[in-house]
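# Survey of secondary and tertiary structure
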Amino acid sequence: MRVALICTDKAGALQTRLDNRSAHLAYIAETGVVEMAGPFLNPEGQMTGSLLVLEVGSLAEAEVWAAGDPYAQAGLFESVSLSEWKKVVG
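Conventions we followed
- Within every chain, residues take consecutive numbers counted from 1 along the sequence as written.
- Reporting in this predicted model follows two pLDDT cut-offs: at least 70 for local features of residues, and 80 or more for side-chain atom pairs to be given and counted; totals over whole chains, interfaces and linings ignore these cut-offs and use all residues.
- Excluding hydrogens and water, the side-chain figures rest on all heavy atoms present in the structure.
- We define a salt bridge as a side-chain nitrogen of Lys or Arg found within 4 Å of a carboxyl oxygen belonging to Asp or Glu.
- The helix count covers DSSP runs of H or I at least four residues long, the strand count covers runs of E at least two residues long, and both are numbered beginning at the N terminus.
- Burial here depends on accessible area, computed with a 1.4 Å probe over protein chains only, as a share of the maximum for the residue type. Under 20% is buried, over 50% is exposed, and the range in between is partly exposed.
- We call two N or O atoms a polar contact when they sit within 3.5 Å, provided that within protein one can donate a hydrogen and the other can accept it, with sequence-adjacent residues counted only if both atoms are side-chain atoms.
- For the purposes of this section, nonpolar cores are sets of buried Ala, Val, Leu, Ile, Met, Phe, Trp, Tyr and Cys residues that join through side-chain atoms within 4.5 Å.
- Should any heavy atoms of two residues lie within 4.5 Å, those residues are considered in contact.
- Strands were regarded as paired on the criterion that DSSP finds at least two bridges between them.
- To obtain an axis, a line is fitted to C-alpha atoms, over the contacting stretch when the element is a helix, and the angle between two such axes runs from 0 to 180 degrees between their N-to-C directions.

For the coordinates displayed, the defined rule picks out 3 salt bridges. Glu-35 is the salt-bridge partner of Arg-2, the closest N and O atoms lying 2.9 Å from each other. Here the residue Arg-2 occupies a position in strand 1 (residues 2-9), and Glu-35 occupies one in strand 2 (residues 34-41), the gap between them amounting to 33 residues. Arg-2 sits in the partly exposed class, given a relative accessible area of 24%. Overall, Glu-35 belongs to the partly exposed group, its relative accessible area being 32%.

Listed below in structure tokens is the structure:
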């Protein structure tokens with residue numbers, strides 16, 4: 001199943017994101033469940049959140065993955081939303 005993981009960074013947390021970016025990208029590569037991903041940007045082009053599409057066996061598996069993300073471990077996110085997602089186009 002595909003799960004959309006939508007995360008919004010805490011205000012003023014860009015440095016936390018930058019400090020943990022390499023660990024986050026390594027986690028994505030190591031776990032192999034991320035189908036696509038990228039940051040949300042503010043008008044100045046700075047990263048302010050994340051959208052990831054996970055290919056997992058269950059919503060519970062997606063929750064475990066999200067909790068293990070180095071960004072989550074560092075306390076980067078103000079909010080996190082997980083929802084089953086169906087690919088239709090693309």
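Turning our attention to the environment of Asp-19. Topologically, Asp-19 is positioned in helix 1 (residues 14-31). Judged by relative accessible area, which is 54%, Asp-19 ranks as exposed. Sequence-wise, Asp-19 and Ala-74 are 55 residues apart; in three dimensions their C-alpha atoms are separated by 9.3 Å. Within the structure, Asp-19 has its side chain in polar contact with the side chain of Gln-15 (distance 2.7 Å).

As a further point, take the nonpolar core. Counting residues in hydrophobic clusters, the biggest one holds 17 residues, and the most contacted among them are Leu-5, Val-33, Val-34, Leu-52, Leu-54, Val-56 and Trp-65. Secondary-structure elements contributing two or more residues to this core are strand 1, helix 1, strand 3 (47-55) and helix 2 (59-68). Not counting residues up to four positions away in its chain, the partners in contact with Leu-54 are Met-1, Arg-2, Val-3, Leu-5, Val-33, Val-34, Ala-62 and Trp-65.

The next point concerns the sheet that holds strand 3. The 4 strands are arranged 2-3-1-4 in an open sheet whose pairing can be described as antiparallel. The sheet terminates laterally at strand 2 and strand 4 (77-85), the two strands that pair on one side only. Adjacent strand axes in the sheet meet at a mean angle of 15 degrees, parallel and antiparallel pairs treated alike. Pairing analysis gives 7 bridges linking strand 2 to strand 3, with the strands arranged antiparallel. Counterpart to Phe-40 in the pairing with strand 3 is Gly-49. Most of the contacts of helix 1 go to strand 3, to which it runs at about 15 degrees, and overall it touches strand 1, strand 2, strand 3 and strand 4.

These results come straight from atomic positions and should not be treated as a statement about function.
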